[in-house]
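Structure at a glance
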Amino acid sequence: MTVEQQARGAAGAGRRRSRKDEILEIAVGLFAARGYHGVSMDDIGAAAGVTGPALYHHFAGKEAMLAAALIPVSEGLLAGGRERAAGHPDDPRGVLESLIDFHVEFALANPAVIALHLHELDRLPEEPRRRIRRLQRLYVEEWVTVLTALHPGMPDGEARVLAHAAFGLMNSTPFLGGEVDRRRRAELLRGATLAALLA
């Protein structure tokens, strides 16, 4: 099955989504598979079943598509992280486990978006790139807060090192094969991340 066919199938799975959302999902899949510069507007249009110029009705161009894919993800991670932290007052271990569950589920559901973050973020213009970086820093601080509560005396800088190491582990999903089913992959990622952060 080609990337285009996979992208069309993914778009068809969500009947209630807007056409713009469908096109964006197709673009994300193509960017992740071929790289940002390996995909043209015509390629996206062909995968979406529309002419390339018709895409400009929804997006100003590829940069706009990339920003539309990455900014909401960063906003959602921050909002979700804050929600999980607030759900376990005075229980840093509970916060950590909830944050790990949340991020592992995100990572397993969005490997293409993670690949874009890892490889294509610098393609964005300065303003959206700075906005995403700021959202990412705020998300990291949610993890720093819980890690310093779990490890009294740990400097914030060391907690950030641990948080980024945990992200590296959980965000490995674009590189995992399909030989282990999704439920077991989630268990392995959760267990390894929790063990690393509690050590």
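The structure presented is a predicted model; accordingly, all values stated were derived computationally and were not measured.

1. Things to note about the nonpolar core
- Among the nonpolar cores identified, the biggest contains 56 residues, and F31, I44, M65, L70, L96, I100 and W143 are the most heavily contacted of them.
- Of all the elements in the fold, those that place two or more residues in this core are α2 (19–34), α3 (41–48), α4 (62–86), α5 (92–109), α6 (111–120), α7 (126–150), α8 (156–170) and α9 (182–198).
- Setting aside anything within four residues of it in sequence, one finds L70 in contact with V113, L116, H117, L121, L124 and I132.

2. Thoughts on the packing of aromatic side chains
- Inspection of every chain in the model, using the stated rule, returns four aromatic pairs.
- When the centroid spacing of 6.2 Å and the interplanar angle of 80 degrees are considered together, the rings of Y139 and W143 count as edge-to-face. With Y139 and W143 both in helix α7 and four residues apart, the pair spans about one turn of that helix. The same class applies to Y139 as to W143, namely buried.
- On the numbers, 5.3 Å between centres and 80 degrees between planes, the contact of W143 with F167 is edge-to-face. One end of the pair, W143, is in helix α7; the other, F167, is in helix α8, with 24 residues separating them in the sequence.

3. Looking at the side chain of K62
- Positionally, K62 belongs in helix α4.
- Here K62 is buried and forms no salt bridge, its nearest opposite-charge partner D43 lying at an N-O distance of 7.5 Å.
- In this structure the side chain of K62 is engaged in a polar contact, spanning 2.8 Å, whose partner is the backbone oxygen of Y36.
- Residues contacting K62, with those up to four places away along its chain left out, are F31, Y36, H37, V39, S40 and M41.

4. Things to note about the packing of α5 against α7
- One way to put it is that α5 packs onto α7 with a least axis distance of 9 Å and a crossing angle of 145 degrees. Handedness of the α5/α7 crossing: left-handed. Between α5 and α7, the contacting residues are P92, R93, V95, L96, L99, I100, F102 and H103 on the first element and Y139, E142, W143, V146, L147, A149 and L150 on the second.
- Considered class by class, the residues forming the contact of α5 with α7 number 12 nonpolar, one polar and two charged.

5. Concerning the confidence of the model for the protein chain
- Per-residue confidence for the protein chain averages 88 on the pLDDT scale, and 91% of its residues sit at or above 70.
- Averaged pLDDT values for the elements of the protein chain fall to 38 in helix α1 (residues 3–13) and rise to 97 in α8.
- Across residues 1–15, where pLDDT falls below 50, the model places 18 contacts with residues more than four positions away in sequence or in other chains.

Rules of the game
Residues numbered from 1 in each chain as written. Predicted model: local features only at pLDDT ≥ 70, side-chain atom pairs only at ≥ 80, totals over all residues. Heavy atoms only, no water. Core = buried A, V, L, I, M, F, W, Y, C linked by side-chain atoms within 4.5 Å. Buried < 20%, exposed > 50% of the residue type's maximum accessible area, 1.4 Å probe, protein only. Helix = DSSP H or I, 4+ residues; strand = E, 2+ residues; numbered from the N terminus. Contact = heavy atoms within 4.5 Å. Phe/Tyr/Trp six-rings, centres within 6.5 Å; stacked < 30°, edge-to-face > 60°. Lys, Arg positive; Asp, Glu negative; His and termini not counted. Salt bridge = Lys/Arg side-chain N within 4 Å of Asp/Glu carboxyl O. Polar contact = N/O pair within 3.5 Å; in protein donor to acceptor, adjacent residues only side chain to side chain. Axes fitted to C-alpha atoms, helices over the stretch in contact; angles between N-to-C directions. Left-handed = near helix turned anticlockwise from the far one by under 90°. Nonpolar A, V, L, I, M, F, W, Y, C, P; charged D, E, K, R; others polar. pLDDT = per-residue confidence, 0-100.

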